[in-house]
Amino acid sequence: MPMSMDDSDVQASVPKGLRIAGALAWHFLLSIAALYVIVTMVGYLAVVIIPMSIALLLAALMAPAVARLVRMRLPRGLATAIVLIAGLGLLGGLLTFVIVQFQAGLPALLEQFNASLEQIRDWLINGPLHLRQEQIQDFLNQAIGFLQDNQSALTDTALTTASTIGEVLTGFALMLFILIFFLVGGEGIWTFIARGVPRHVRNRVDVAGRRGFASLVSYVRATAAVAVVDAVGIGIGLWIVGVPLVIPLSTLVFLGAFVPIIGAVVTGSVAVLVALVTNGPVTALIVLAIVIGVMQLESHVLQPLLLGRAVKLHPLAVILAIAVGLVSAGIAGALLSVPLLAVLNAGIRSLLHEVDPDPDKVDVLHDQEAVPNSDTEKAESGGSAGSTASSSAGSSTAGSTASDEKAGDDPERL
């Protein structure tokens, strides 16, 4: 008892504000330590986590097509095989087309590049700098000597690049393997995971996971629409000003736009460099203005209208997520940061606001399914939006018996 009284006296002698600050600091340090452990584990298992995350993104992209084929009474395995072969064929065709077109246009690009170098050399000699031919040759000799002195480092970099290519191929095989199982048995995988949650909160967690995947489906759809607009806008601009390789450059912009903001900027910079080499600085400035204009259209119209509606994320949150992902995990982090944020946002909102959740009523292939019931009920009081939500809920209730019978064969939910 005396020890207890002494402890209570010491506790009472500490100012209340200091006790609160100490408690906050202690919890903050614990949170930071837990986050550090999680990030370290993710970095250690990146070879597995990154392919699995990309497979989940592709599953969100391909799930609607698989569901459509299943509704046409095709077996789910056959539908998955058709969609996978078509998707991989399309991606491989796009990449092959870009590589072939660049190879076909490479001689012309080299010729234009040599002509541009000649113009730069004439400007250095006859322009305001008035450099001598000997000075230019000395600079070239120094550059060649630098390359020769660092030949071993460049060789090591090439070997590292070859090793990286091997890791990429291994990751692609793992991603493809995981993607097949996500498309074929995504419902069973998620059901198995949800069984590990205590029974009294299982429905809430189940619905939150489905809301998160619905948000991911919406994100992929919106990103694809933004990528198409970026590619078409920049491609039309390149065609108007007469830059060669319009179609492969537009295809690069389309593929790069799946990394929000940064991807289209990088691929647009490639278009500016091609314009500089082939058509000169004036055309390059025009192409730069076109790229900036398309980026402004994306960031101020398309991103808020499409991505903002689909995943309910503020543009600042998108930019910060991309920056953190790029710094922490490079290109893969920039690609996966915004989808992860969208899934977490939808899942947490569902956990906080869901009213009487019913997993059987969540159809993850519809945009409104990422919205918790409480938000839907608020929308219902507004009129037409509520009628859409209520009709969707009614049709889901009417078909609950049929959905229960084919729950194991329904590819629309992951």
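Quick note: structure is the one above.
Criteria and cut-off values
- For every chain, the first residue of the written sequence is number 1, and numbering continues from 1 along that sequence.
- Only residues with pLDDT of 70 or above have their local features reported here, since the model is predicted, and side-chain atom pairs are shown and tallied only from 80 upward, although totals for entire chains, interfaces and linings are computed over all residues.
- Side-chain metrics rest on all non-hydrogen atoms present in the structure, leaving aside hydrogens and water.
- Helical segments are the DSSP runs of H or I of at least four residues, strand segments are the runs of E of at least two, and each set is numbered from the N terminus.
- Should any heavy atoms of two residues lie within 4.5 Å, those residues are counted as being in contact.
- Here the open area of atoms and residues is found with the Shrake-Rupley method and a 1.4 Å probe, where only the protein chains shown may cover a residue.
- Using only the protein atoms, space was sampled on a 1 Å grid; points where a 1.4 Å probe fits but cannot get out form cavities, open sets with protein on both sides within 12 Å along at least five of seven lines form pockets, and lining residues are those with an atom within 4 Å of a point.
- Grid points are joined across faces, edges and corners, and a volume is the space filled by probe spheres set on the points.
- Basically, the charged four are Asp, Glu, Lys and Arg, the nonpolar ten are Ala, Val, Leu, Ile, Met, Phe, Trp, Tyr, Cys and Pro, and anything else, Gly included, counts as polar.
- In the sections that follow, a salt bridge refers to a side-chain nitrogen of Lys or Arg positioned within 4 Å of a carboxyl oxygen of Asp or Glu.
- Summary of the burial criterion: residues with accessible area below 20% of their type's maximum are buried, those above 50% are exposed, and those between are partly exposed, where the area comes from a 1.4 Å probe applied to protein chains only.
- What makes a nonpolar core is a set of buried Ala, Val, Leu, Ile, Met, Phe, Trp, Tyr and Cys residues whose side-chain atoms join them at distances within 4.5 Å.
- The axes are straight lines fitted to the C-alpha atoms, using for helices just the contacting stretch, and the angles between their N-to-C directions are given from 0 to 180°.
- An angle below 35 degrees is read as roughly parallel, one above 145 as roughly antiparallel, one from 65 to 115 as roughly perpendicular, and any other as oblique.
- What a helix should span is 1.5 Å times the count of its residues minus one.
- Counted as a polar contact is a pair of N or O atoms within 3.5 Å, where, for protein atoms, one must be capable of donating a hydrogen and the other of accepting one, and residues adjacent in sequence contribute only when both atoms are in side chains.
- The sense of a crossing depends on the near helix, which, turned anticlockwise from the far helix by less than a right angle, makes the crossing left-handed and, turned clockwise, makes it right-handed.

A. Inspection of the overall build of the protein at higher detail. The helix and strand inventory of the protein stands at 14 helices and zero strands. Going residue by residue from the N terminus, the α and β elements of the protein occur as α-α-α-α-α-α-α-α-α-α-α-α-α-α. For the protein, contacts bridging at least 24 residues in sequence account for 72% of all contacts bridging at least 6. Here the protein displays about 24500 Å² of accessible surface, and carbon together with sulfur accounts for 72% of that area.

B. Quick peek at the layout of surface pockets. Its volume calculated, the largest pocket comes out at about 2100 Å³. As for the largest pocket, its lining consists of 45 residues, and the residues nearest its centre are Ile54, Leu58, Leu91, Met175 and Leu335. Taken together, the elements giving at least two residues each to the lining of the largest pocket come down to helix 3 (46–71), helix 4 (76–126), helix 6 (151–194), helix 7 (202–241), helix 8 (246–256), helix 9 (262–279) and helix 11 (315–353). If you tally residues by element for the lining of the largest pocket, the top one is helix 3, at 10 residues. Of the residues contributing to the lining of the largest pocket, the split by class is 36 nonpolar, eight polar and one charged. In this structure, the second largest pocket spans a volume of roughly 1600 Å³.

C. Broad picture of the pattern of salt bridges. Within the structure shown, the criterion is met by two salt bridges. For Arg210, the salt bridge identified is with Glu187, shortest N-O distance 3.2 Å. Here Glu187 lies in helix 6 and Arg210 lies in helix 7, a separation of 23 residues in the sequence. Per residue, the accessibility class of Arg210 equals that of Glu187, and both read buried. Of the charged contacts in the structure, one is a salt bridge between Arg210 and Asp206, with a shortest N-O distance of 2.9 Å. In this pair, Arg210 and Asp206 both sit in helix 7, four residues apart, roughly one turn of the helix. Summarising the burial analysis for this pair, Arg210 and Asp206 share the class buried. Three or more residues are tied together by salt bridges with common partners; here these are Glu187, Asp206 and Arg210.

D. Local environment of the side chain of Thr251. Tracing the backbone through its elements, the reader meets Thr251 in helix 8. In contact with Thr251, other than residues within four places in its own chain, are Leu94, Phe97 and Val98.

E. Molecular detail of the nonpolar core. Within the largest apolar cluster, 23 residues are counted, with the highest numbers of intra-cluster contacts made by Leu57, Ala60, Phe213, Val338, Val364 and Leu365. Taken together, the elements giving at least two residues each to this core come down to helix 3, helix 7 and helix 11. Counting residues in hydrophobic clusters, the runner-up holds 17 residues, among them Val272, Ala275, Val291 and Val294.

F. Focus on the packing of helix 3 against helix 7. One can describe the packing of helix 3 onto helix 7 by two numbers: an axis separation of 9 Å at closest approach and a directional angle of 80 degrees. What the angle tells us is that helix 3 and helix 7 run roughly perpendicular. Between helix 3 and helix 7, the contacting residues are Leu56, Leu57, Ala59, Ala60, Leu61 and Pro64 on the first element and Phe213, Leu216, Val217, Tyr219, Val220 and Arg221 on the second. For the contact of helix 3 with helix 7, the class distribution of residues is 11 nonpolar, no polar and one charged.

G. How the structure looks around helix 9. Here helix 9 contains 18 residues, and its C-alpha end-to-end distance of 25 Å stays within 8% of the 26 Å for a straight helix at 1.5 Å per residue. Gly280, located one to two residues past helix 9, shows a positive phi value of around 95 degrees.

H. A look at the environment of Thr80. The topology assignment puts Thr80 in helix 4. A polar atom in the side chain of Thr80 sits 2.9 Å from the backbone oxygen of Arg76.

I. Focus on the packing of helix 7 against helix 8. Running from N to C, helix 7 and helix 8 point in directions that differ by 155 degrees, and their axes come no closer than 8 Å. Comparing the axis directions of helix 7 and helix 8 gives the class roughly antiparallel. Seen from above, helix 7 lies across helix 8 with right-handed handedness. Residue-level contacts link Ala224, Ala227, Val228, Asp230, Ala231, Ile234, Gly235, Leu238 and Trp239 of helix 7 to Val246, Leu249, Ser250, Val253 and Phe254 of helix 8. Per-class residue counts for the contact of helix 7 with helix 8 are 11 nonpolar, two polar and one charged.

J. Inspection of the side chain of Arg76 at higher detail. With respect to the helices and strands, the residue Arg76 is situated in helix 4. Here Val184 takes part through its backbone oxygen, which lies 2.7 Å from a polar atom of the side chain of Arg76.

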